[in-house]
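# Residue-level structural notes
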Amino acid sequence: MGVAAPPPVPGKNPRAIMPGDRLFAALAHYVSFADHLRIRVVCQTWRFFSRRIGRPPPPFPWLMLPEPSPASPSAPAPVTVRRQFYDIPGGRPYAYDVPGEGYHRCVASSACGWLVFVAVDAPRRLVLVNPVSGARLVLSWPFGEKTPNPNGRFHAALTSSPADRSRACFLVVATDRLVAYCRPGHQDQAWRTLRAPGFRHEAPASDIVSVGTTVYLVDGRRKVWRADLADAEPKVQRRNTACPLPFGDGEDTIMRHYLVGLLGHVHIVITDEHHARVALFRLDWDKRMWVPDRVPGDRVLLLGRGCSAFVPPAAGRPPGMVLFAHQPSLSGVDRGRAAGLAWFWVESRLNDGSEDVLALKKTMQHRQGEFAAGDSFWFFPAIDPDESARPA
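Here the structure is a predicted model, which means the values were calculated and not measured.

### Comments concerning the overall build of the chain
The helix and strand tally for the chain stands at four helices and 25 strands. Put simply, the chain has 392 residues, and 49% of those count as buried. Here the analysis covers contacts within the chain between residues at least 6 apart in sequence; of these, 50% occur between residues at least 24 apart.

Here it is in structure tokens:
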């Protein structure tokens, strides 16, 4: 088979054409989608030829569904389970191995294709997992064995891929008044701790997001803390920010806060527990306030604790639509599981929060009882560092 010599990879210095380049060009048409993802996670040449043949990364993230229900209630919990990752626009699931929730619970999903798990029982530890490549990193628990139960009162964020040596990667864990961070995959993986006076974990009102190497925290009062972890001596700064609420803040009103970053800006989404009222604000750090905002550019909002993002629109999901991952642990009560099939995400629309909009609970074709009553997470399988950094 004759294959034309490929041009240099855009943005890279010209180099001699290697035999492997011709091999990639010849095989790119014949590799399955799942294998295509696995290879392109680690190989820049493969990513280049994938784009040349019209097979770009999935523009719409997948939804990692709760783990399958055990075959028998008395069966021992599996160490590893094969969880489904659902392609919503494509209408089909993919399956990858991740730690079982009997031992580890997922707490965050990064835009670089890695998931963050925390050990359910002692010994406490954190596990970073890339389901597509199969890579795993095990890290110690940062706060010591005498801290409160870690399974419910902390947030986690991963700033970039630990496999990407060109960027500083930090794993951040935040709990009451403390922020801990380390460099996974780095020679020095020691944990360092920062004081965050006044910050309290408040499910479902507090959240965390990273913008580059800067991490932001918000609590139930919409106060903000931030720290640039790339500084030689990082320090936590606090802002008592004002925020005009579009709907009531009474004792009977349960509001959820989601932090999401885009193009260097930090946004907060405020919604009621039914997602019928959804308002978006952008942080103005210098003016100490949240400014009412609209979805920037041609975007859809995906929201979930530890997995929020702005993404391009997809089939049937126009700009301004908001999709919430179903996460029963935020409220402590599974309000969505009555008799009938489980649901995994909610589709609503961004508005100013002044009136209710129709919020639709969504599911996929499956048997009743097939999934456990756990949380779903947005998963970003194939976003390259250069692609995620492109301006809107």
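### Comments concerning the pairing of strand β14 (residues 224-228)
Summarising the sheet, strand β13 (residues 214-218) and β14 pair through five bridges and their orientation is antiparallel. Within β14, the residue paired with Val-218 across the bridge is Val-224. Here β13 folds back onto β14 in antiparallel fashion, the turn holding five residues, of which Arg-222 has a positive phi close to 65 degrees. The pairing of β14 with strand β15 (residues 237-239) spans three bridges and is antiparallel.

### Let's talk about the sheet that holds β15
One open sheet holds the four strands; their spatial order is β12-β13-β14-β15, and the pairing between them is antiparallel. Because the sheet does not close on itself, it has two edges, and the strands there are β12 (207-211) and β15. Adjacent strand axes in the sheet meet at a mean angle of 20 degrees, parallel and antiparallel pairs treated alike. The sheet contact formed by β12 and β13 spans five bridges and is antiparallel. Bridged to Asp-207 within β13 is Val-218.

### A look at the sheet that holds strand β16 (residues 255-262)
Spatially, β16-β17-β18-β19 is the arrangement adopted by the four strands of the open sheet, whose pairing is antiparallel. The open sheet has two edge strands, β16 and β19 (289-292), and neither has a second partner. Going from strand to strand, the sheet's axes swing by 35 degrees on average, the running direction of each strand aside. One ladder, built from eight bridges, connects β16 with strand β17 (residues 265-272); its direction is antiparallel. For Met-255, the partnering residue across the bridge sits in β17 and is Asp-272.

### Section: the nonpolar core
Side chains of nonpolar character tend, in soluble globular proteins, to be buried together. Counting 36 residues, the largest nonpolar core has Phe-85, Leu-115, Leu-323, Phe-344 and Trp-378 as the members making the most contacts within it. Counting 20 residues, the second-largest nonpolar core is a separate cluster that includes Ala-108, Val-118, Leu-126 and Leu-171.

Cut-off values and rules
- Residues numbered from 1 in each chain as written.
- Predicted model: local features only at pLDDT ≥ 70, side-chain atom pairs only at ≥ 80, totals over all residues.
- Heavy atoms only, no water.
- Helix = DSSP H or I, 4+ residues; strand = E, 2+ residues; numbered from the N terminus.
- Buried < 20%, exposed > 50% of the residue type's maximum accessible area, 1.4 Å probe, protein only.
- Contact = heavy atoms within 4.5 Å.
- Pairing = 2+ DSSP bridges.
- Axes fitted to C-alpha atoms, helices over the stretch in contact; angles between N-to-C directions.
- Core = buried A, V, L, I, M, F, W, Y, C linked by side-chain atoms within 4.5 Å.

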